[in-house]
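# Report on the structure
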Amino acid sequence: MGASRQASARLATVLSDAIANGPREALRSLKLENLAGRPIEEIFLGMMEYVCPESGTIDDSIAREAFVETIADLADNGLTDFDALNADQLQTILELYAAHAIEARLCNDIGTKAVTLPSNVAAATKVQEQLFDFVRRSVSDALTTGLAGIAGMTPDKVLGFVTGVYEQAFAILQSMGEAEVDAK
């Protein structure tokens, strides 16, 4: 989870800066002031190189995939105007990113056989849906209770909660895979 954890921390920094100093100042600090007033998807695409720079590793690809999925989810979550986002909405963005990053990493773990899913396609699909719901709720809980919301975030706290949620989800998937093997 190295690249995704770092990307989560960088995203939290940008979002915290947007709360503390305003969205336009947050963009200016990234040298992206030319994106001020643009559609939110364009702004986040512009932020991608800062949040999750590409270096060609699998971890970097996972971080970038999660960021693209987050961008795709913005409108579905009512997040359409970067200049008008409030603290709760900025927290939702971080929740979406962290949940997508953790889910993508777990899917990679499944692909490398570090974790096994049920062999039945319908059961495996259900596990994946439940996994994302679990991860999203866990991320939300970690942000709300452990970090006092986006305003209380520091890069170290973000690194800690992303690691913790990933480890919990990984353990649950391992248990499910072991139960599948034991049932055979």
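Our subject in this report is the structure included herewith. Think of each chain on its own: its residues are numbered from 1, step by step along the sequence as written. Totals for whole chains, interfaces and linings use all residues, but because this is a predicted model, local features are given only for residues with pLDDT of at least 70 and pairs of side-chain atoms are given and counted only at 80 or more. Only hydrogens and water are set aside when side-chain values are computed; all heavy atoms of the structure are taken into account.

## Brief notes about the packing of aromatic side chains
Operational definition: Here is the rule: rings of Phe, Tyr and Trp (six-membered ring for Trp) pair when centre to centre is within 6.5 Å. Planes less than 30 degrees apart are stacked, more than 60 are edge-to-face, and the remainder are tilted. The helix and strand labels rest on DSSP assignments: H or I over at least four residues marks a helix, E over at least two residues marks a strand, and numbering proceeds from the N terminus. Using a 1.4 Å probe on the protein chains alone, a residue whose accessible area is under 20% of its type maximum counts as buried, one over 50% counts as exposed, and one in between counts as partly exposed.
Under the defined criterion, the tally for this structure stands at three aromatic pairs. Between F67 and Y97, the aromatic rings sit 6.0 Å apart at their centres with planes inclined by 65°, giving edge-to-face as the arrangement. Here F67, found in helix 4 (residues 58-73), pairs with Y97, found in helix 5 (residues 87-111); they are 30 residues apart in sequence, far enough to count as distant. Considered together, F67 and Y97 belong to a single accessibility category, that of buried residues. Among the aromatic residues, ring-to-ring pairing joins F44, F67, F82 and Y97 into one connected group.

## Remarks on helix 5
The condition that has to hold: Between the first and last residue of a helix there are one fewer steps than residues, each counted as 1.5 Å, and that sum is the expected span. In protein, a polar contact requires one atom able to donate a hydrogen and another able to accept it; more generally it is a pair of N or O atoms within 3.5 Å, and residues adjacent in sequence count only if both atoms are side-chain atoms.
With 25 residues, helix 5 should reach 36 Å at 1.5 Å per residue; the first-to-last C-alpha distance of 36 Å fits that figure. Of all 25 residues in helix 5, 19 are buried; the element is thus mostly enclosed. Between the side-chain oxygen at the start of helix 5 and the backbone nitrogen of D88 there is a gap of 3.0 Å, and the oxygen is on N86.

## With respect to the nonpolar core
The following threshold applies: Among the buried residues, those of types Ala, Val, Leu, Ile, Met, Phe, Trp, Tyr and Cys that are joined through side-chain atoms within 4.5 Å form a nonpolar core.
The biggest cluster of nonpolar side chains holds 53 residues, and the ones touching the most others in it are F44, M47 and F67. For this core, the elements supplying multiple residues, two or more each, are helix 1 (2-21), helix 2 (23-29), helix 3 (40-51), helix 4, helix 5, helix 6 (121-146) and helix 7 (155-183). The leading source of residues in this core is helix 5, at eleven residues.

These results come straight from atomic positions and should not be treated as a statement about function.
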